[in-house]
Amino acid sequence: CSKKSRKTNLPPLIPGLPLIGNLHQLSRAPILHTYLSQLSKIHGPILRFNLCSTPTIVVSSAKLAKEVLRNQDLAFCSRPKLVAQQRLSYNAADMVFVPYGEEWREQRRIANVHLLSRIKVQSFRSVREDEVARMVADIARSASSSPPGAVNLSAAAMGLTTTLICRTGFGKRYEEQGSELRRFQELLDELGMLLTAFFVSDYFPALSWVDRVSGLTKRLDCAFEKLDSFYQELIDDHLDRGGTQKDEQDHILGMQIKFELDPTQPIWDRVKALLMNLFLGGSDSSAATIVWVMTALMKEPHIMEKVQSEIRNVAGDKGKVDEDDLPKLAYLKAVINETFRFYTPGPMLLARETTAACVLDGYEIQSKTTVYVNVWAVARDPDYLKPNPDEFLPERFIGNDMDVKGKDFGVIPFGAGRRICPGMLMGLANVELAIANLLYSFDWEMPSRIQLDTHVLSGLIMHKKIPLILLPKQYHI
Ligand code: HEM
């Protein structure tokens, strides 16, 4: 690694190959966030990569995360233009991939004040309680079968969060195991795959033929067509029913259509792009979090016992945990927060792009630099997280005001600053209610011959590689 260049004072550059720079290292790293974390242990908390014409840096400490996401947020809050993201977001007509500017501000205002506001999230309470109750009833059926059946909790969590996003996002409840839900989940998988796929043309525009030959361009076109038809069906369905006022209250799509500037000529690309954002943000991250909380608790039986006893004391003999109970569950919140820290569902923040030249930690950063914050590494920063950042310790969130909502720069699972996740309240509400009820209603064991593991899948969202299979035992009050 070259030391600070005296002339230009750029961050340390990770050595790569002639012409392709570091492309091969980044595109082939099996688990990108751990690879980058190891590099930063050797070369420091700010690293520079050479990706053809795109200057790229990665930051991995709480101090620098705070600098990027708070002190100099404005300089770091745009998004780079990548091939798949552009296509799937209708040329950045959405909120996630739109560059910083007036259009983004307007979309965020509508999201914060209306679509994903606290009041809107509360208005979906009955939907959440209903869906969580259905999931618990399904699991109870397995628990009471003879012999008791093991449950694939990864599938149950994904089923729950996709159903929640369908109901709150566009007012539909697809039959479990039905073809429409399967179609939706397949579209989600393809969306996630393409948004993290490595397109050569992002770094070498002249070599775009490589993506055509590899079949990636065709796959992107095909996914775009399928997603577009899916969004169009939802919109047509809404319009066929006359877009009632009830729809505006009942789901986000209904409300978004109302907010289009000219209702006779809404900008449909923007409506579709917003649906894509809901799909992208709304299900995978919450499902992954539910699975990691359960995995963490299976690994630490004394924490499991403590949190179950808190939940069962608070909910008593009601037979379920409802949302009024949640504010009383301080230890459960600590467990969920520690899971966000230790098994960060989005280990790398979505790529940012600098809006202007600036100085970070004494290094010069050019305008239009792509910036990654390695949230997973930040959450293990020994200068910030004490004691024992490598230990799962919910108690670190007790007796202080440390939280995960973007003000403690050591634990930023939702990002921070202007581009902090606008769906945070909805994500937290889904996860807390689901976990509380899974822990209230059942005791959990490992099925014989299955070993608990924590292998992860690489991607935008850090899923558990091997599904979490557990044996539920109904808890009798
Ligand atoms: C546990 C659940 C969730 C986690 C961990 C999560 C995490 C994140 C993260 C890390 C970012 C990037 C922030 C940045 O660049 O600094 C983000 C952005 C975003 N999330 Fe979430 N999210 C969750 C749930 C949701 C939900 C439920 C929705 C919507 C229904 C949502 C919608 C979005 C959107 C639209 C953005 C882009 C914001 C922008 O660029 O201005 N997320 N989320």
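So, how was this worked out
Residues numbered from 1 in each chain as written. Predicted model: local features only at pLDDT ≥ 70, side-chain atom pairs only at ≥ 80, totals over all residues. UniProt positions renumbered as here; feature names shortened; annotations may be inferred. Buried ≥ 20, exposed ≤ 12 C-beta atoms within 10 Å, placed from the backbone. Helix = DSSP H or I, 4+ residues; strand = E, 2+ residues; numbered from the N terminus. Pairing = 2+ DSSP bridges. Near = placed C-beta within 6 Å. Nonpolar A, V, L, I, M, F, W, Y, C, P; charged D, E, K, R; others polar. Core = buried A, V, L, I, M, F, W, Y, C linked by C-beta atoms within 7 Å. Contact = placed C-beta atoms within 7 Å.

Per an unreviewed UniProt entry, the protein is named 6,7,8-trihydroxycoumarin synthase-like, and its organism is Salvia divinorum. Recorded in UniProt under Subcellular location (unreviewed entry), the annotation for the protein is "Membrane". Listed under Cofactor (unreviewed entry) in UniProt, the entry text for the protein is "heme".

**Q** Help me understand the pairing of strand 7 (residues 370–373) in this model?
**A** In regular strands, side chains alternate between the two faces of the sheet. Residues of strand 7 alternate between two faces, with Thr370 and Tyr372 on one and Val371 and Val373 on the opposite face, all of them buried. The sheet contact formed by strand 2 (residues 54–59) and strand 7 spans 4 bridges and is parallel. Bridged to valine 59 within strand 7 is valine 373. In the sheet, strand 4 (residues 352–353) pairs with strand 7 via 2 bridges, with the strands oriented antiparallel. Counterpart to glutamate 353 in the pairing with strand 7 is threonine 370.

**Q** Sorry, what's going on with the UniProt feature "binding site: heme" (unreviewed entry) in the protein here?
**A** The UniProt record marks Cys421 with the feature "binding site: heme" (unreviewed entry), using the residue numbering of this structure. On the secondary structure map, cysteine 421 appears in the loop between helix 18 (375–378) and helix 19 (424–441).

**Q** What's the story with the site of the ligand in this structure? I'm lost.
**A** Around the ligand sit 26 residues in total, of which Gly281, Gly415, Cys421, Gly423 and Gly427 are the nearest. Elements with a contribution of two residues or more to the shell around the ligand: helix 14 (268–282), helix 15 (284–299) and helix 19. For the shell around the ligand, the element with the highest residue contribution is helix 14, accounting for 4 residues. Residue classes in the shell around the ligand are distributed as 14 nonpolar, 10 polar and 2 charged.

**Q** Help me understand the nonpolar core, please; the structure alone is not making it clear to me.
**A** One recurring pattern in soluble globular proteins is that nonpolar side chains are buried together. Membership of the largest hydrophobic core comes to 132 residues, with the highest contact counts inside it found for Ala65 and Ile435. Counting residues per element, this core draws most heavily on helix 19, at 11 residues. Residue contacts for isoleucine 435: discarding those within four places in its chain leaves Ile290, Val293, Leu332 and Ile336.

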